[in-house]
Amino acid sequence: MREAVIVEAVRTSMIKKKGIFSRLQPEQLASEVIKALINRSGVAADLVEDIIIGCSSKSDEQVAQLVKLAMLNSGIPTSVPSTTVERHCKSSQQAIHFAAQAIISGDMDIMIAAGLESIEQHGKPQFNNRKKEKGHFKHQLLEQGLAAERIADIWGLSRQQLDEYAYESHEKAIQAQSQNRFEKEIVPLYVTLPNGKKTLIQKDVGPRKALRDNMFSKLKATYKENGKVHSGNSSFFSDGSAAVLIMSNTKANELGLKPRYKIINRSVVRSDPKILFTGLIIGTNKALTKAGLRIEDIDVFEISEVFASVPLIWLQETGADPKKVNPNGGAIALGHPLGANGTRLLTTLIHELERTGGNYGLLGQCEGHGIANITIIERVNE
């Protein structure tokens, strides 16, 4: 049976927007992870048949040329085709799905799915609160923060619950860093400073200590007066890149490579855009059914943490074990690199499963206008 297997996965550190990665051009971030992916896997670069890079905001410096520039800088031969894909925050997760589908169909044998976001190059994404206008627009599209407020109200979540979840995300990320859990997955990068000296970047900068001492209580609600959602229990925009080497199981065997995990499900759904984050719940149930699995079978979940209310309502509805969810912290602590988020989360998921000996992992992300992507992977035991 032809399968899509994961051979290697790497990422950069996640750096807050306007941070040190703003000194790099977007293609530099992507080229470094692609280069590391090839070097660590030992696969000859000219064997790669296609590269798909997810990027949510292809404007300004992040234009269609970035994938070509990234390839040239990474040493990939010019004979290798490439493209970009945009699906909001799930762009690189969709790149993973497209790559896996091409391999399973037999069209390709070796592909790279990558993700990139350089927030500084295009500014903060804009969301509009649209209402019915003259009968031609039938749906209200809420800004995501207002949607996060809405689901918190519907599911009866208090601000204290959101804040407690955010605090725990930071605590888990700090523990992961102290135990060097991210060390294998992060590609160290040198960045040149204004004084001409180079500094090595190999650590996520988001996790913060000592947050419990009334810090959250001092923050004002961001989206509505007396609301529950604020900057402390929400994710923050960050710069970063990640890449995954996916190939057919037959090609991996032919090259003498040991696959790490196989992609056994790729699902995408849409929910009501007025409560857009519920797609994650619908998608999880659909993906598990298609894979013939139960929620209890999954060893590690990486679930979208764009707002604390999102994983909290997901936990309520799915009955998943909270201890299995984002065990190394999520986007509230580590940052949300938009188009790179899917490949970043899959990279962390793979390494965490290997660290703990888990067999099944589920990656779930929601995005603008109610769409959600789910990926399920299974350990390859050979």
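Before reading further, recall that the structure is shown in the block above.
The text that follows walks through the structure, step by step, so that each part is easy to find. The model shown is predicted, which means the values in this text are computed figures rather than measured ones.

### Points about the packing of aromatic side chains
Per the counting criterion, the structure on display carries 3 aromatic pairs. Look at Tyr223 and Phe307: their rings are 6.1 Å apart centre to centre, the planes differ by 80°, and that puts the pair in the edge-to-face class. Taken together, the residues Tyr223 in the loop between β7 (198–201) and β8 (238–248) and Phe307 in the loop between β10 (300–303) and α9 (309–318) connect sequence positions 84 residues apart. One aromatic cluster is present, formed by Tyr223, Phe277 and Phe307 through successive ring pairs. Positioned above the aromatic ring of Phe182, the side-chain terminus of Arg11 is 5.1 Å from the ring centre. The ring centre of Phe236 lies 5.0 Å from the NZ or CZ of Lys16, which sits over that ring.

### Here we look at unusual backbone geometry
The backbone of Asn226 sits at a positive phi, close to 60°, despite the residue not being glycine. Tracing the sequence through the fold places Asn226 in the loop between β7 and β8. Phi at Asn326 is positive, roughly 45°, even though this residue is not glycine. Summarising the element assignment, Asn326 is placed in the loop between α9 and α10 (331–334). Residue class for Asn326 comes out buried when judged on its relative accessible area of 0%.

### A few points about the pattern of salt bridges
Evaluated as defined, the whole model comprises 14 salt bridges. Two residues, Arg11 and Asp204, come together in a salt bridge whose shortest N-O distance is 2.9 Å. With Arg11 in strand β1 (residues 4–11) and Asp204 in the loop between β7 and β8, this pair connects stretches of sequence that are 193 residues apart. On the basis of relative accessible area, Asp204 is assigned to the buried category, the value being 3%. When the shortest N-O distance is used, the salt bridge between Asp297 and Arg294 registers 3.3 Å. For Asp297, a relative accessible area of 23% gives the class partly exposed. Classification of Arg294 by relative accessible area gives exposed; the value is 53%.

### Digging into the packing of helix α3 (residues 91–105) against helix α11 (residues 341–356)
As a packed pair, α3 and α11 sit with axes 5 Å apart at the nearest point and diverge in direction by 70°. By the angle between their axes, α3 is roughly perpendicular relative to α11. Across the interface between the two elements, Ser92, Gln93 and Ile96 of α3 pack against Asn341, Gly342, Thr343 and Leu346 of α11. Here the contact of α3 with α11 is composed, by residue class, of 2 nonpolar, 5 polar and no charged.

Definitions and limits used
- Residues numbered from 1 in each chain as written.
- Predicted model: local features only at pLDDT ≥ 70, side-chain atom pairs only at ≥ 80, totals over all residues.
- Heavy atoms only, no water.
- Phe/Tyr/Trp six-rings, centres within 6.5 Å; stacked < 30°, edge-to-face > 60°.
- Helix = DSSP H or I, 4+ residues; strand = E, 2+ residues; numbered from the N terminus.
- Lys NZ or Arg CZ within 6 Å of the ring centre and 35° of its normal.
- Buried < 20%, exposed > 50% of the residue type's maximum accessible area, 1.4 Å probe, protein only.
- Salt bridge = Lys/Arg side-chain N within 4 Å of Asp/Glu carboxyl O.
- Axes fitted to C-alpha atoms, helices over the stretch in contact; angles between N-to-C directions.
- Parallel < 35°, antiparallel > 145°, perpendicular 65-115°, else oblique.
- Contact = heavy atoms within 4.5 Å.
- Nonpolar A, V, L, I, M, F, W, Y, C, P; charged D, E, K, R; others polar.

By themselves, these are just geometric observations and shouldn't be taken as functional.
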